[in-house]
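Chain residues, written in single-letter form:
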Amino acid sequence: MNYKNLLTNFEDGILTVTINRPKALNALNRQTLDDLRQLFEKDALELEGLSGIILTGAGDKSFVAGADISEFTGLDAQGGLDMAQNGHDIFFSIERFPKPVIAAVGGYALGGGCELAMSCHIRVVSNKALFGQPEVNLGLIPGYGGTQRLIQYIGKGRALEILMTADMIDAQKALNWGLANHVVPHGEEVKKAKEILKKIGKKAPVAVSKAIAAVNAFFESQKDGFEQEVIEFAQTVNTEDFKEGASAFLEKRKAVFVGK
Ligand code: CAA
């Protein structure tokens with residue numbers, strides 16, 4: 001397995017995948033998304049003896065801090081549609097992966113990072129984890145399934161508040177709200193994820209795959225919301241506010257939105 005932005009370790013049937021861009025807080029640039037697609041749509045499917053996957057982020061601070069904002073320059077509505085559709089496809093491949101996938105979250109899981117963690121089957125998080133969908137700060141909405149999966153985990157009212165205020169959810173609140181399965185001391189999230197995968201690894205593999213498929217089927221009847229998110233995301237990409245929001249982040253200043 002050879003990737004530019006992923007580190008992999010395969011041991012005792014467990015594939016640990018580390019998103020490795022710590023200087024950018026593991027932000028998802030195009031290359032990283034290509035790597036994830038290659039892994040979940042081909043390499044891991046073909047891996048003999050695989051019982052489950054742990055997805056985590058390099059460094060001490062972040063799981064994934066979102067889509068890579070430095071790649072937003074020059075994005076137009078068509079680019080927004082393509083970007084969101086690409087993310088949706090990859091995150092559905094993770095959600096539909098026939099073996100258990102656990103996100104081990106040791107820090108920021110923001111924007112595309114929160115969306116990535118939500119596309120995994122289980123989230124084990126450190127006491128320093130912070131979830132959020134801060135896209136409105138950039139003049140955007142989530143584009144990788146966040147508007148839909150956040151409702152699935154925390155409910156409509158909480159989801160709307162998080163999406164509109166950009167407030168972060170700490171580990172304890174994530175646990176109370178059903179976004180996190182377990183909170184562990186910082187640094188122990190991969191260890192705990194391994195324990196869970198070892199337990200699942202002793203169960204009947206076909207039954208485990210069927211459980212994943214059956215649970216996903218409940219939510220896939222609501223697929224239209226995902227299609228709507230792609231359209232709405234592309235429309236936010238087409239605004240002056242998005243250009244201002246992304247520039248302000250990169251120039252390290254406060255955005256001034258005009259509502260256009
Ligand atoms: N894209 C690109 N670079 C990012 C990034 C991102 N999403 N998040 C952080 N970085 C970079 C910073 O630019 C910085 O780089 P330099 O050292 O070269 O300046 C480095 O990572 C460290 O970040 P900070 O200095 O900002 O670290 P901090 O501890 O002060 O703040 C933070 C951490 C609160 C996570 C802050 O970095 C932040 O707000 N990041 C952006 C989060 C965000 O808005 N995510 C959503 C992106 S849009 C999206 O994901 C859309 C979608 O659904 C598809």
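Scroll up for the structure.
Residues numbered from 1 in each chain as written. Predicted model: local features only at pLDDT ≥ 70, side-chain atom pairs only at ≥ 80, totals over all residues. Heavy atoms only, no water.

### A look at the environment of Asp 241
Put simply, the rule reads: Here a strand is any run of E in DSSP of at least two residues, a helix any run of H or I of at least four, and the numbering for each starts at the N terminus. The contact criterion used is simple: two residues touch if any of their non-hydrogen atoms lie within 4.5 Å.
Structurally, Asp 241 can be placed in helix α10 (residues 240–250). Along the backbone, Asp 241 and Gly 139 are 102 residues apart, and their C-alpha atoms lie at a distance of 5.1 Å. When neighbours within four sequence positions are excluded, Asp 241 is seen to be in contact with Leu 138, Gly 139, Phe 257, Val 258, Gly 259 and Lys 260.

### A closer look at a positive patch on the surface
As a reminder of what qualifies: For patch building, the residue pool is restricted to those with more than 30% relative accessible area and no salt bridge; the joining distance is 9 Å between like charges and 5 Å between nonpolar side chains (Val, Leu, Ile, Met, Phe, Trp, Tyr). Only the protein chains shown count as cover for residues, and all accessible areas are computed by the Shrake-Rupley method using a 1.4 Å probe. Whenever a carboxyl oxygen of Asp or Glu lies within 4 Å of a side-chain nitrogen of Lys or Arg, that contact is scored as a salt bridge. Just so you know, the count uses Lys and Arg for positive and Asp and Glu for negative, and it drops His and the chain ends. Charge coordinates come from a single atom per side chain, which is NZ of Lys, CZ of Arg, CG of Asp or CD of Glu. Under the scheme applied here, a residue whose accessible area is under 20% of the maximum for its type counts as buried, over 50% as exposed, and between as partly exposed, the area being computed with a 1.4 Å probe on protein chains only.
Together, Lys 198, Lys 199, Lys 202 and Lys 203 line one region of the surface with positive charge. Take Lys 202: it is sitting in the loop between α7 (189–201) and α8 (205–220). Looking at Lys 202, the relative accessible area reads 72%, which means it is exposed.

### Here we look at the state of the cysteines
Selection rule: Throughout, a disulfide means two cysteine sulfur atoms within 2.5 Å of one another.
Counting across every chain of the model gives 0 disulfides. No disulfide involves Cys 114; its sulfur sits 11 Å from that of Cys 120, the nearest cysteine. Taking the relative accessible area as the measure of exposure, Cys 114 reaches 1% and is therefore buried. Judged by relative accessible area, Cys 120 falls into the buried class, the value being 2%.

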